[in-house]
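Architecture and fold: a report
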Amino acid sequence: MLITEREKLSEEVGQLIEKHGPGRAALMPTLQGIQKKYSFISEYAMQLVADKLGIHPVEVYGVVSFFSFLYDKPHGRFIIRLCQTISCDLAGKDRVARQLESDLGIKFGETTPDGKFSLEWANCIGMCDQGPAMLVNDQVFLKVTPEKVHDILEGCRKVFGAHALQSEEVA
Ligand code: FES
């Protein structure tokens with residue numbers, strides 16, 4: 001018998017909840033587990049989590065929409081977040097932003113058509129004396145200049161290439 005995508009997801013959500021415990025405390029690690037695997041949390045996944053934890057779906061939607069690191073839509077393999085708060089603004093974040101947009105061919109809030117990069121604004125990440133500050137997934141880059149943008153993106157592309165190669169070898 002073929003297992004449908006929905007059945008597979010339901011099974012995986014069940015396993016995550018079993019791993020993290022049945023109570024409300026399992027909510028966040030379960031959502032993070034789903035995102036790690038699928039890169040976003042679909043409405044159906046949120047509904048499953050709510051059903052299996054016995055909580056109202058609105059509570060799950062609320063958590064997903066509150067935390068900026070949780071996504072309810074697909075996004076790029078690399079999420080670039082440039083700090084837009086005052087110290088980084090004064091340190092030249094606009095020039096860095098223009099370089100990122102030009103190199104990637106997208107605006108902030110968008111994802112490249114190949115699914116590699118998403119561009120987003122961030123608020124202060126606590127590195128104000130070393131701005132402009134930028135996050136690429138969990139990695140922090142400080143004193144970013146337009147010149148450094150090219151190297152940072154190249155580094156990401158190399159990592160992506162290596163992953164793609166590994167996936168091809170496994171397939
Ligand atoms: S203002 Fe950008 S890190 Fe604080």
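As shown above, the structure is provided for reference.
The numbers attached to residues start from 1 for each chain and follow its sequence in the written order. Reporting of local features is limited, given that this is a predicted model, to residues whose pLDDT is at least 70; pairs of side-chain atoms are given and counted only at 80 or more, and all residues count toward the totals for whole chains, interfaces and linings.

Comments concerning the packing of helix α2 (residues 27-38) against helix α3 (residues 43-53)
Under this scheme, a helix contributes an axis fitted over its contacting stretch, all axes are lines through C-alpha atoms, and angles between N-to-C directions fall in the 0 to 180 degree range. We count a stretch as a helix when DSSP gives it H or I for four or more residues in a row; a strand needs E for two or more, and each element gets its number in order from the N terminus. In the contact formed by α2 and α3, the axes pass within 11 Å of each other and the chain directions differ by 150°. Comparing the axis directions of α2 and α3 gives the class roughly antiparallel. Crossing hand, α2 versus α3: right-handed. Packed against α2, whose contacting residues are L27, T30, L31 and I34, the element α3 presents A45, V49 and L53 at the interface. An angle counts as roughly parallel when it lies under 35 degrees, as roughly antiparallel when it exceeds 145, as roughly perpendicular when it falls between 65 and 115, and as oblique in every other case. Two helices cross in a left-handed way if the nearer one is turned anticlockwise from the farther one by less than a right angle. They cross in a right-handed way if the turn is clockwise. Contact between two residues is assigned when their C-beta atoms, built from the backbone, lie within 7 Å.

Re the nonpolar core
For our purposes the nonpolar core covers buried Ala, Val, Leu, Ile, Met, Phe, Trp, Tyr and Cys residues that link as a set through C-beta atoms within 7 Å. We call a residue exposed when 12 or fewer other C-beta atoms sit within 10 Å of its C-beta, buried when the count reaches 20 or more, and partly exposed for counts in between; the C-beta positions come from the backbone. In this structure, I80, L82, V96, L100 and M134 are the most contacted members of the largest nonpolar core, which totals 18 residues. Listing elements by their share of this core, those giving two or more residues are β1 (78-83), α6 (93-104) and β2 (117-122). Top contributing element to this core by residue count: β1, with five residues. Setting aside chain neighbours within four positions, we find M134 in contact with I80, R81, L82, C83, F141 and V144. Counting 13 residues, the second largest nonpolar core, distinct from the first, contains V13, I34, I41 and A45.

On their own, these measurements won't tell you what the molecule is for.
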